[in-house]
Amino acid sequence: IGCDIYVRVCNVWKLIRMKRKDYKKLSSLYRETGRGHLVEEEVEAYIGARMPATQAAITQVFREIRPQVGTFSSFLDIGAGPGTGLLAAQEVFGPIERAILIEENPIMVKKRRAEGEWITGSARSCAFPRVDLALFGYSFGEMKDREVLRKGWEAAGVLVVVEPGTPRGFET
């Protein structure tokens, strides 16, 4: 069994062992405070419970834009979590020469699943380097800061924002 598959199986077993109320607590906490305030066991639960779906959604968005974007050499993930957006980008676009990941939760950085240049700190206070493609992968809604969005827009040749949607929002 491959190492990646083994890790995923272990994460699934961790989730199975979580009590239903603990998962509900994590979901509620995540919606209320975002990833920045999660403690170690909550980060582990996030990685097992939310990361696979988040990665799948971002991967699909990247597949959709690939014909327009082509290839790129530099990538910025704003609110990177454990590196979900970079993993999705690498899956669709292949190796990326320079990847910068900004994440405010030091436990997320410690538990990271992707390698790159990690910046532990708030996107509000970080300078964004100039990159070919920047991503807010389920992170802008947590920040709700137009200045951070502007910084991302100015730093990137292409800016991708992926957020949870609703059927009503999709129609408008």
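One can find the structure itself at the top, above this paragraph.
For every chain, the first residue of its written sequence is number 1, and the numbers climb from 1 along that sequence. Where totals are concerned, whole chains, interfaces and linings use all residues; where local detail is concerned, this predicted model gives features only for residues with pLDDT of at least 70, and gives and counts side-chain atom pairs only at 80 or more. For side-chain calculations, the full set of non-hydrogen atoms in the structure is used, while hydrogens and water are omitted.

Re the packing of aromatic side chains
Step number 1: Two aromatic rings, drawn from Phe, Tyr or Trp (for Trp, its six-membered ring), form a pair once their centres lie within 6.5 Å of each other, and the interplanar angle then sorts them: stacked below 30 degrees, edge-to-face above 60, tilted otherwise. Inspection of every chain in the model, using the stated rule, returns five aromatic pairs.
Step number 2: With a centroid separation of 6.4 Å and 80° between ring planes, the pair formed by Phe62 and Phe75 is classed as edge-to-face. Placement of the pair is Phe62 in helix H4 (residues 51-69) and Phe75 in strand S1 (residues 74-78), with a sequence separation of 13 residues. Residues Phe62 and Phe75 agree in their burial class; the two are buried. Runs of H or I in DSSP of at least four residues are treated as helices and runs of E of at least two as strands, each being numbered from the N terminus. Burial here depends on accessible area, computed with a 1.4 Å probe over protein chains only, as a share of the maximum for the residue type. Under 20% is buried, over 50% is exposed, and the range in between is partly exposed.

With respect to the packing of H4 against helix H5 (residues 84-93)
Step number 1: Direction vectors running N to C along H4 and H5 enclose 45°, while the axes themselves pass 8 Å from each other. Considering their axes alone, H4 and H5 lie oblique with respect to each other. The interaxial crossing formed by H4 with H5 has right-handed handedness. Packed against H4, whose contacting residues are Met51, Thr54, Gln55, Ile58, Thr59, Phe62, Arg63, Ile65, Arg66 and Val69, the element H5 presents Thr84, Gly85, Leu87, Ala88, Ala89, Glu91, Val92 and Phe93 at the interface. In this description, a line fitted to the C-alpha atoms serves as the axis of each element, helices being fitted only across the stretch in contact, and the angle between N-to-C directions of two axes falls anywhere from 0 to 180 degrees. Each angle gets one of four labels, with under 35 degrees taken as roughly parallel, over 145 as roughly antiparallel, 65 to 115 as roughly perpendicular, and the rest as oblique. Crossings are classed by handedness, with left-handed meaning an anticlockwise turn of the near helix from the far one by less than a right angle and right-handed meaning a clockwise turn. In what follows, residue pairs with any heavy atoms lying within 4.5 Å of each other are defined as contacts.

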